[in-house]
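# A structural walkthrough
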Amino acid sequence: MNRNRWLALGALLLVVAGAAVWQFAAPSPASGAMPPIDPGDTEQVALGRDVYAAQCAVCHGARLEGQPDWQVRLPNGRLPAPPHDASGHTWHHPDSQLFAITKYGIGPFAPQGYQSDMPAFEGVLSDAEIAAVLAFIKSTWPREIRQRHDSLNRNAIK
């Protein structure tokens, strides 16, 4: 594995570790601060598909495929937008983290000084729209991935 891939992997692990530390500060379904995210709700998924196309696809891809070489740093030191399909790592994070990162941006969940092109959508999207986007994304995952993610959510709520 070349040096850039090792650096990207290290940065990704730092972001994941930072997100884990902040997990308890993120809104959780149990607190009532986050709307339900239901990939089985056809109306929510349809809204999410539309919002995703308008707000997210420009970076994360129309088919949730992410930007090319998303694990390799760009010349500016930032990582490209990751995929949200099953090939990415989105499903490795509970709903509460995904919701909070989408609403507030990655900054509060990353190590100090970490920079990302991911904007905060607070004030741009409503909480219901953020939940709908996440429901849409989750609706595209294979059954096995959704089951693993559901288990992750159950453990995160404890």
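Look above for the structure.
These lines cover the structure that appears in this document, whether it is placed above or below.

Criteria and thresholds
- Here the residue numbers are simple positions, counted from 1 along each chain's written sequence.
- Totals for whole chains, interfaces and linings use all residues, but because this is a predicted model, local features are given only for residues with pLDDT of at least 70 and pairs of side-chain atoms are given and counted only at 80 or more.
- The side-chain values count all of the structure's non-hydrogen atoms but skip hydrogen atoms and water molecules.
- In this analysis, rings of Phe, Tyr and Trp, with Trp reduced to its six-membered ring, are considered paired at centre separations within 6.5 Å, and the interplanar angle assigns stacked below 30 degrees, edge-to-face beyond 60, and tilted for intermediate values.
- The helix and strand labels rest on DSSP assignments: H or I over at least four residues marks a helix, E over at least two residues marks a strand, and numbering proceeds from the N terminus.
- Each residue gets one of three labels from its accessible area relative to the maximum for its type: buried under 20%, exposed over 50%, partly exposed in between, using a 1.4 Å probe on protein chains only.
- Residues count as neighbours in contact if any of their non-hydrogen atoms are within 4.5 Å of one another.
- By salt bridge we mean one thing: a side-chain nitrogen of Lys or Arg within 4 Å of a carboxyl oxygen of Asp or Glu.
- Axes, fitted as lines to C-alpha atoms, cover a helix only where it is in contact. Angles between the N-to-C directions of the axes lie from 0 to 180 degrees.
- Throughout this description, any angle smaller than 35 degrees is read as roughly parallel, any larger than 145 degrees as roughly antiparallel, any in the 65 to 115 degree range as roughly perpendicular, and the remainder as oblique.
- Each crossing gets its handedness from the near helix: less than a right angle anticlockwise from the far helix is left-handed, clockwise is right-handed.
- Each residue is assigned to one of three groups, with Ala, Val, Leu, Ile, Met, Phe, Trp, Tyr, Cys and Pro labelled nonpolar, Asp, Glu, Lys and Arg labelled charged, and all others, Gly among them, labelled polar.

Attention now goes to the packing of aromatic side chains. Going through the model one piece at a time under the given rule, you end up with one aromatic pair. For the ring pair Y52 and F136, a centre distance of 5.5 Å and an interplane angle of 55 degrees mean the geometry is tilted. One end of the pair, Y52, is in helix α2 (residues 42-55); the other, F136, is in helix α5 (residues 127-139), and 84 residues separate them in sequence. Both residues of the pair, Y52 and F136, count as buried.

So, about the environment of L125. If you trace the backbone, L125 turns up in the loop between α4 (95-104) and α5. Once residues lying within four places of it in the same chain are set aside, the contact partners of L125 are V51, Q55 and I130.

Before going further, it helps to examine the pattern of salt bridges. Applying the stated criterion across every chain yields a total of four salt bridges. Close ionic contact of D117 with R78 constitutes a salt bridge, the shortest N to O distance being 2.5 Å. Here the residue D117 occupies a position in the loop between α4 and α5, and R78 occupies one in the loop between α3 (57-60) and α4, the gap between them amounting to 39 residues. Residue classification places D117 among the partly exposed positions, given a relative accessible area of 46%. Among the salt bridges present, the one from K138 reaches D95, with a minimum N-O distance of 3.0 Å. Placement of K138 in helix α5 and of D95 in helix α4 is noted, with a sequence separation of 43 residues between them. The class for K138 is buried, based on a relative accessible area of 3%.

In this section: the packing of α4 against α5. As a packed pair, α4 and α5 sit with axes 10 Å apart at the nearest point and diverge in direction by 125 degrees. Considering the angle they form, α4 stands oblique to α5. For the crossing formed where α4 meets α5, the hand is right-handed. Contacts from D95, L98, F99, T102 and K103 in α4 reach D127, I130, A131, L134 and K138 in α5. Considering only residue class, the contact of α4 with α5 consists of five nonpolar, one polar and four charged.

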